[in-house]
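In case you want the letters, here they are:
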Amino acid sequence: MCGIVAYVGSKDAAPILLEGLQRLEYRGYDSAGVVVSNKGLKLRKVKGRVADLAKAVPARFKGTLGIGHTRWATHGVPSDENAHPHLSSDERIAVVHNGIIENADELRARLVAEGVVFVSETDTEVLAHLIARTVTETDTLEEAVRKALKSIVGTYGIAVVDSERPKEIVVARNGSPIVLGLGEKEMFAASDVAALVRYTRQVVHLEDGELAVLTADGFHTFASGGRETAKEPLTVDWDAGHYDTGGYEHYLLKEISEQPESIARTLRGRLDERFHIAHLGGLNMDARETRSFRRVKIIGCGSAYYSGQIGAQLIEELARIPADAEPASEFRYRNPVVDPDTLYVAISQSGETYDTLAAVQELKRKGGRVIGIVNAVGSAIAREVDGGIYLHAGPEVSVASTKAFTSTAIAFALLALHFGRVHDLSPADGRRIVEGLRELPTQIEKILEQGDRIAELAKKYAVHPSMMFVGRVRGYPVAREGAQKLKEISYIHAEAYPASELKHGPLALIGPELPTVAIVPDDELLDKNLTTLGEIRARGGQVLMVGHREPDAKLADDVIVIPKNEIELDPILLTIPLQLLAYHAAVALERDVDKPRNLAKSVTVE
Ligand code: G6P
């Protein structure tokens, strides 16, 4: 959420900052700005996209040190004034900021009373003025920033420059990520490695409370008290190529199409054909400890939460351990009972989602055992948990999650197999699941081949302003994720219901104007699901069925038939046509597919 880039070296900063911001645009995209330092600070910022900013930056915008920002509005509407960087009144200090300053109103009132004139509605501007005041009393910019941050309540990832010290940038983090990139006689910083990989793959993650000073020669990091900290650089294994659209029209279609490979990567080296078990070394848990848990509680936000619902179902079915999923954003606020016999599983593609991170921290404070299912290696959640499973799905750029969703479901299948085999899952059932998992990539290829037909169906159904999604038991989280995908990128209203609950309320909505997407796998609930289709059709409702065989013609208007796997794994495959349906509906409605309005990929604020 919001992107930060910073550069100090011998090259022109502006093109590097603009390129980095473009890579980060998926994090926020309502306004953008840059500052470079060259005998004073030069600023350009605009409401709109990074491309609009690039047009506004003049050819002569020279300076070998600078900071940039792309914004997702929290305090104040998207506008030129509210765009970052924010300057102090004397234009000596410039700040870019991710996060939320909770006591901004109080600080603003105090500064206004002292005569400061504010030019924006943002919480960030407070910080620029505060640093400008402290910088005159301190010997270093680092001290000035630290002093100013002492009066802040809230979260931040910041980058600060001072026109009087044109060779250094100070960055700091508390709740919003900052990553340093190490170059040859140059240094970078960003809120996400995506902005760095074109220039360097050597990175250092700041911890909460840490601050760093960057110069062309390197960096120093400090704990909140001022003590210098020692950091080991990590090598990122994603390169710039992973962040290109690779010839696809949108990142979303690229990421949907990549699923045979991303799933294969999640599985790689983790399936054991001999004992029909999963190798999950990252869990840091021996068999005895694995057996000791009596419950599994899964937390995550958005699509991560829905994949957690698929995960809970897999764990209950394969390991016979009670499991359930809950939005991390709710969990963290309801003073949850933390039980020593429960294993907590936090899911996050980015590893940064603030609500999920805060829930993990709350669990740890209460002594809970937490593992993570995370895509971004070295991210905040990955570092906070006791162990876990990395997805290795590769970077996911489009705001709507697709390949991370399916890879998370795969990680849960592995976890459920692992737990199952230390409990009572028979070797024969273990083998069935191992073989089923192996088959998934080829089966996904087969579903992707139906892309053109699904695009036609999407066009047909996208004329409706609203759609219902239904599924039963294993199919219900699939329906929820299908509705989520459709609403977030096409803006068609969509809601998901358990098919069994339809007659307890929402059937009142069903009629010719409200079509239903029905998830109807070939499992023990097939007949019940078909009965539901009959009930919908009897009320004049159109039905688009996704399942494993054509039903009686009277039961569905359209059918997407997909390959059959084991019943426990079918939900993973049933998700794919719904991703394509949402994608093509969004394209048909000419939506901004990769950057849907009002949303951002990494929600690093509450
Ligand atoms: C945002 C994104 C969703 C994503 C959710 C959780 O809301 O728009 O697509 O599912 O965050 O993100 P995470 O990175 O924690 O999986």
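Residues numbered from 1 in each chain as written. Predicted model: local features only at pLDDT ≥ 70, side-chain atom pairs only at ≥ 80, totals over all residues. Heavy atoms only, no water.

Let me state the cut-off plainly: UniProt positions are given in the numbering used here, feature names are shortened, and annotations may be inferred rather than shown by experiment.
As named in an unreviewed UniProt entry, the chain is Glutamine--fructose-6-phosphate aminotransferase [isomerizing], taken from Nonomuraea mangrovi. Database annotation for the chain, UniProt heading Catalytic activity (unreviewed entry): "D-fructose 6-phosphate + L-glutamine = D-glucosamine 6-phosphate + L-glutamate". What UniProt states about the chain under its Subunit (unreviewed entry) heading is, verbatim, "Homodimer."

### Description of the overall build of the chain
To keep it simple, the criterion reads: By definition, any uninterrupted DSSP run of H or I lasting at least four residues is a helix, any uninterrupted run of E lasting at least two residues is a strand, and each is numbered from the N terminus. Each radius of gyration is computed over the set of C-alpha atoms, and the globule rule expresses the reference value as 2.2 Å times the number of residues to the power 0.38. In this scheme, a residue with accessible area under 20% of its type's maximum is buried, one over 50% is exposed, and one in between is partly exposed, where area comes from a 1.4 Å probe on protein chains only. Contacts were defined at the residue level, with two residues in contact if any of their heavy atoms lie within 4.5 Å. Method for areas: the Shrake-Rupley scheme with a 1.4 Å probe, in which residue coverage is limited to the protein chains shown. In this tally, Lys and Arg are treated as positive and Asp and Glu as negative; His is ignored, and so are the chain termini. A charge is said to be at NZ when it belongs to Lys, at CZ for Arg, at CG for Asp and at CD for Glu.
Of regular secondary structure, the chain possesses 18 helices and 27 strands. Against the compact-globule benchmark of 25 Å for 606 residues, the chain has a radius of gyration of 25 Å, which places it among compact chains. In terms of overall dimensions, the chain has C-alpha extents of about 75 × 55 × 45 Å along its principal axes. Within the span of the chain, comprising 606 residues, buried residues form 64% of the whole. Taking contacts inside the chain between residues at least 6 apart in sequence as the whole, the part at least 24 apart equals 71%. Of the roughly 22700 Å² that the chain leaves accessible, carbon and sulfur atoms contribute 49%. Computed over 71 positive and 85 negative side-chain charges, the inter-centroid distance for the chain is 1 Å.

### Details of the nonpolar core
Applicable threshold: In this text, buried Ala, Val, Leu, Ile, Met, Phe, Trp, Tyr and Cys residues form a nonpolar core when linked through side-chain atoms within 4.5 Å.
Formed by 88 residues in total, the largest nonpolar core has its most connected members in Ile315, Leu415, Leu437 and Phe469. Considering each element in turn, this core owes the most residues, 12 residues, to helix 13 (residues 403-422). Of all hydrophobic cores here, the second largest spans 34 residues; its members include Ala14, Tyr26, Phe61 and Val179.

### With respect to helix 16 (residues 475-490)
Quick reminder of the rule: By this rule the span expected of a helix is its residue count minus one, scaled by 1.5 Å.
Look at helix 16: 22 Å from first C-alpha to last across 16 residues, which is about the 22 Å you get at 1.5 Å a residue. Within helix 16, 15 of the 16 residues are buried, leaving the element largely enclosed by the surrounding structure. Just downstream of helix 16, tyrosine 491 is the residue with a positive phi angle, here 65 degrees.

### As for the packing of helix 7 (residues 259-267) against helix 13
As a reminder, the rule being used: Note on definitions: angles span 0 to 180 degrees between N-to-C directions of axes, and those axes are lines fitted to C-alpha atoms, for helices only across the stretch in contact. Each angle gets one of four labels, with under 35 degrees taken as roughly parallel, over 145 as roughly antiparallel, 65 to 115 as roughly perpendicular, and the rest as oblique. Here a crossing is taken to be left-handed if its near helix is turned anticlockwise relative to the far helix by less than a right angle, and right-handed if that turn runs clockwise.
The contact between helix 7 and helix 13 brings their axes to 9 Å, and the two run at 30 degrees. With respect to their mutual orientation, helix 7 and helix 13 come out roughly parallel. Considering only the axes of helix 7 and helix 13, their crossing is right-handed. Contact with helix 7, carried on its side by Gln259, Ser262, Ile263, Thr266 and Leu267, involves Lys403, Thr406, Ser407, Ile410, Ala411 and Leu414 of helix 13 and no other residues of that element.

### What about the packing of helix 13 against helix 18 (residues 570-588)?
Axis separation between helix 13 and helix 18 bottoms out at 10 Å; the angle between their running directions is 175 degrees. It follows from the interaxial angle that helix 13 and helix 18 lie roughly antiparallel. Across from Phe405, Thr406, Ala409 and Ile410 in helix 13, the residues of helix 18 making contact are Ile572, Thr575, Ile576 and Gln579.

### Re the environment of proline 498
Mapping proline 498 onto the fold places it in strand 24 (residues 493-498). Separated by 496 residues in the primary sequence, proline 498 and cysteine 2 have C-alpha atoms spaced 36 Å apart.

### Digging into the site of the ligand
Stated precisely, the cut-off is as follows: Only a single heavy atom is needed: when it lies within 4 Å of a molecule or strand, its residue is near that molecule or strand. We call two N or O atoms a polar contact when they sit within 3.5 Å, provided that within protein one can donate a hydrogen and the other can accept it, with sequence-adjacent residues counted only if both atoms are side-chain atoms. Amino acid classes used here: Ala, Val, Leu, Ile, Met, Phe, Trp, Tyr, Cys and Pro are nonpolar; Asp, Glu, Lys and Arg are charged; the rest, including Gly, are polar.
The immediate surroundings of the ligand are formed by 13 residues, with Ser303, Ser348, Gln349, Ser350 and Thr353 found nearest. Within the side chain of serine 348, one N or O atom sits 2.5 Å away from an oxygen atom of the ligand. One nitrogen or oxygen atom from the side chain of threonine 353 is found 2.4 Å from an oxygen atom belonging to the ligand. Against a free-state accessible area of 390 Å², the protein chains account for coverage of 88% of the ligand. In terms of residue class, the shell around the ligand is made up of five nonpolar, seven polar and one charged.

### Details of the side chain of aspartate 355
If you trace the backbone, aspartate 355 turns up in helix 11 (residues 354-365). Only 2.7 Å separates the side chain of aspartate 355 from the side chain of arginine 332, close enough to count as a polar contact. If we ignore the near neighbours within four places in the chain, the residues touching aspartate 355 are Cys301, Ala328, Ser329, Arg332 and Glu606.

### Here we look at the sheet that holds strand 5 (residues 86-87)
Keep this limit in mind: Any two strands are treated as partners once DSSP identifies two or more bridges connecting them.
If you trace the seven strands from one edge of the open sheet to the other, you get 5-6-7-8-12-13-14, paired in antiparallel fashion. With one partner strand each, in any of the chains shown, strand 5 and strand 14 (228-229) form the two edges of the open sheet. Against the sheet, helix 4 (residues 124-135) engages strand 5, strand 6 (93-98) and strand 7 (156-162), with an angle of about 140 degrees to strand 6.

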